[in-house]
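A look at the structure
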Amino acid sequence: MSAVSSIEQLVNWNKLMSLLPKPIEPLPRLNDLLKLCANSSYLKTGESIHAHLIVRDLSSRWLTNSLINLYTKCGKTLLARKLFDAMPERNVVSWSTLMKGYQDSGSDSEVLKLFKSMVLSRETQPNEFVATVVIKSCSSSGRIREGKQCHGCFLKRGLTAHEYVRNTLLYMYSSCSGTREAIRLLMDDLPRCDLLAFNSALSGYLEHGGYLEEGLEVLRKMVKEDLVWEDATYMSSLKLCSSLRDLNTARQIHSRMVRCGFHCDVNVTGALINMYGKCGKPLYAQRVYDGSTHAQNIVLNTSILDAYFQSKSYEEVLNLFAKMENRDVLPPNEFTFAVLLNSTGELSLLKHGDLLHGLVVKSGFSNHVMVGIALVNMYAKSGSIQDAWRAFSGMKFRDIVAWNAMICGFSHQGLGKEALEVFEEMMAAGEVPNGITFIGVLHACSHMGFVEQGRYYFNHLMKRFNVKPDLQHYTCVVALLSKAGLFEEVESFMREAPVQWDVVAWSSLLNACYVRRNYSLGKKVAEYAIEMYPNNSGIYILLSNIHAKSKEWDGVARVRSLMKERRVKKEPGVSWISIRNQTHMFLSEDNQHSEIVLIYAKVKEVLLKIRALGYSPDVAGGYHDVDEEQSENNLSYHSEKLAVAYGLMKTPEKSPLYVAKNVRICDDCHSTIKLISRLSNRLIVVRDSNRFHHFKDGQCSCCDYW
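Just so it is clear, the model here is predicted, and its values are computed rather than measured. (Residues numbered from 1 in each chain as written. Predicted model: local features only at pLDDT ≥ 70, side-chain atom pairs only at ≥ 80, totals over all residues. Heavy atoms only, no water.)

What follows covers the overall build of the protein chain. Helices and strands together make up the secondary structure of the protein chain, namely 37 helices and six strands. Counting every position in the protein chain, which comprises 706 residues, the buried fraction comes to 51%. Nonlocal contacts in the protein chain, meaning residues at least 24 apart in sequence, comprise 64% of its contacts between residues at least 6 apart. Accessible surface, the protein chain as shown: approximately 34,900 Å² in total, 52% of it carbon and sulfur. (Helix = DSSP H or I, 4+ residues; strand = E, 2+ residues; numbered from the N terminus. Buried < 20%, exposed > 50% of the residue type's maximum accessible area, 1.4 Å probe, protein only. Contact = heavy atoms within 4.5 Å. Areas by Shrake-Rupley, 256 points an atom, 1.4 Å probe, with all protein chains shown as cover.)

Pasting the structure below:
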């Protein structure tokens, strides 16, 4: 019998009873009816019963408790509180019911206030149900101090012996910060933990995220116990391994599943695929996916796409999705679109991103926050910052991730002023910045040369919002100061900073020395960095360029010899451009393209024309043992020049060109493309390994600093 028919039958029965003379009121049946209304959220029917009780002057403590339960489950906690306060006598059920209602509505502070009133009133003693609710409220609100006090209170009353109380305590201690020792003591105090206790501890550590190593200790202890794992156990264990990128432990868990004959449902299979993806083993993830009986499930389809995305196999993501479309599988959801758009952004495939955007709108997912953020990222990383701004402006709801995407998008494009304007807008909207926000803001200050403003953000505003600076923030400050030419301050800052500098920081300082022509400091920095990171080819190249600019050919020869001796190879320059939904890739001095003869001719034609605009090949960085004509010829066919020339050949006049390159754009190509943008009256966007360059009317957005 359905809930509705049961209610109708009971209401009709009560109407019939009300017509009888001197009725004996069926209070137990009314109580059952109130419980049914509460569980089914039938507020109107429950209110009618409440009115009936008032008119007939019927009341009892257990009926009032049922009314409180009804109103709390229907979201009417104020009405429930009025009933509770009007009760002449309350029992533990009255207290626990209202507490549970407050907890379900997210009012954890009210739960703790009510518990305090209960203890002080001495009307009744808390039981294990009250203890569970109170501890959960301490956990979800992060009130670890109050949680410890409540723990002591329940310990005195012997309530911690109950399984549910104990497991709730485990979850609280593992999910709240600063409780590393407490969780160990609690685990050690238990003679034998059951599966639910282990699941609670693992879930808590995963939710907090700060003590994953402690979660691994819990996992190791659980393995030693003779327990039969369930879905939740495998899910938590695999998520823990994913967070730690612990492939060895994850494979042992997978082996346990196979040995025990555990049948994986969709969620556990998805967790397996996700784990292998995050551990950099997409082929393992593919095997799990291929062997699953749920291959047509959209959750698994999205999981395998995300596994390839996590492994930075962005092309494979798009190829696999195309195969799924051909098989006519279930349509993508918001998570699928987020993976696809982010993969497209990483490849700078603007046209492909436009097509996906159209599919998003057609599928009705354009208002999802996750999809909106992915659209902002895709357009920003593909070089179309105007479209990124339009996608951001069209979002009905923006969380901190959305704001960060737009701030970092502007910053990475070199549009520092716009990034800082969005940051101010975010602050005005009441959003609290986090560490990623300040990375984008400090980058923006670096691009604009706002040294004092950058210092203020780093030294004051981050402290105000309790954001602890990490290596990335310190590296941003190095870039800010070195770009401004404040090398003495940079040296002092790097000596005093409480971080271990990585290759990114040293490369940033070295690049500033090269651009600012502080060659003496640059040589010292490069020599130190080479000793620290002997396999990083970028440092050798910058040092070689510094020697070449200084006409120190012996130094150039030494660097080349050292690279050869250490078998360090320069990463070949690769550029690509999308024309009519097809991506064309070019290597320096490429001769593999089907139209390479026409492309070379176009390069020669363009270089000849821009000489009249003042172009002169920058052969200063070339090798001294190559004549000038050969140096010019080598410069003429760098990969970005070939990509731009092909774009000029294949696209309509004055249409923008979007080119991506895997390494830093060289000085000569930078000067060349500036003049080409002026000659062709086009916007040319080049994304290199450092940043975006927007070339227009003979100027670049980087102001010749990159």
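Structure's up, so let's keep going.
Another point: the pairing of strand E5 (residues 692-696). Buried residues dominate E5, accounting for four of its five residues. As paired elements, strand E4 (residues 684-687) and E5 share four bridges and run antiparallel to each other. Counterpart to Val-685 in the pairing with E5 is His-694. Taken together, E4 and the strand that follows it, E5, pair antiparallel across an intervening segment of four residues. (Pairing = 2+ DSSP bridges.)

Inspection of the entire model under this criterion finds 20 salt bridges. Put simply, Lys-100 and Asp-104 hold a salt bridge, and the shortest N to O gap is 2.8 Å. Of this pair, Lys-100 and Asp-104 both sit in helix H6 (residues 92-104), four residues apart, which is roughly one turn of that helix. Assessed through its relative accessible area of 53%, Asp-104 is described here as exposed. Between Glu-489 and Arg-455 there is a salt bridge whose closest N-O contact spans 2.5 Å. Of the two residues, Glu-489 is situated in helix H29 (residues 487-496) and Arg-455 in helix H27 (residues 451-464); the sequence distance between them amounts to 34 residues. On the accessibility criterion, Arg-455 (23% relative accessible area) is partly exposed. A cluster of three or more residues bridged by salt bridges with shared partners is formed by Glu-346, Lys-381 and Arg-687. (Salt bridge = Lys/Arg side-chain N within 4 Å of Asp/Glu carboxyl O.)

Let us look at empty space enclosed by the protein. All chains considered together, the criterion is met by four cavities of 30 Å³ or more. The calculated volume of the largest cavity comes to roughly 60 Å³. Of all elements in the fold, only strand E1 (574-579), strand E3 (657-661) and E4 reach the threshold of two or more residues within the lining of the largest cavity. In terms of residue class, the lining of the largest cavity is built from eight nonpolar, four polar and two charged. Roughly 50 Å³ of volume is contained in the second largest cavity. Lining of the second largest cavity is provided by Val-603, Val-606, Leu-607, Lys-641, Val-644, Ala-645, Thr-672 and Ile-676. At the level of elements, helix H34 (596-611), helix H36 (639-650) and helix H37 (667-680) are the ones that each hand at least two residues to the lining of the second largest cavity. Looking at the lining of the second largest cavity, its residues break down into six nonpolar, one polar and one charged. (1 Å grid on protein atoms, 1.4 Å probe; cavity = no way out; pocket = protein on both sides within 12 Å on 5 of 7 lines; lining within 4 Å. Points joined across faces, edges and corners; volume = space filled by probe spheres on them. Nonpolar A, V, L, I, M, F, W, Y, C, P; charged D, E, K, R; others polar.)

The next subject is the layout of surface pockets. The volume enclosed by the second largest pocket comes to roughly 520 Å³. Elements supplying a minimum of two residues to the lining of the second largest pocket: helix H19 (314-326), helix H21 (350-363), E1 and strand E2 (582-587).

Once that is clear, we can look at the confidence of the model for the protein chain. With 90% of its residues at a pLDDT of at least 70, the protein chain reaches an overall mean of 85. Looking at the elements of the protein chain, mean pLDDT is at its lowest for helix H1 (residues 3-19), recorded as 50, and at its highest for helix H22 (residues 369-381), recorded as 95. When the criterion is pLDDT under 50, residues 19-25 qualifies, and its contacts beyond four places in sequence or with other chains add up to six contacts. (pLDDT = per-residue confidence, 0-100.)

Here the focus is the sheet that holds E3. Here six strands make up an open sheet; going across it, the order is E2-E1-E3-E4-E5-E6 and the pairing mixed. Because the sheet does not close on itself, it has two edges, and the strands there are E2 and strand E6 (699-700). Bridging between E1 and E3 involves three bridges; their strand directions are antiparallel. When the bridges of E3 are listed, Ser-575 appears paired with Lys-661.

This model, assessed by the stated rule, comprises 21 aromatic pairs. Considering the side-chain rings of Tyr-474 and Trp-501, the 6.4 Å spacing of their centres and the 90° angle between planes classify their relative orientation as edge-to-face. Of this pair, Tyr-474 sits in helix H28 (residues 471-483) while Trp-501 sits in the loop between H29 and helix H30 (503-515), and the two are 27 residues apart along the sequence. There is no split in this pair, since Tyr-474 and Trp-501 are both buried. Ring-pair connections join several aromatic residues into one group, and the members of that group are Trp-389, Phe-392, Trp-403 and Phe-410. Stacked on the ring of Phe-84, the Lys or Arg Arg-90 has its end atom at 4.5 Å from the ring centre. Over the ring of Tyr-284 we find Lys-281; its NZ or CZ atom is 5.7 Å from the centre of that ring. (Phe/Tyr/Trp six-rings, centres within 6.5 Å; stacked < 30°, edge-to-face > 60°. Lys NZ or Arg CZ within 6 Å of the ring centre and 35° of its normal.)

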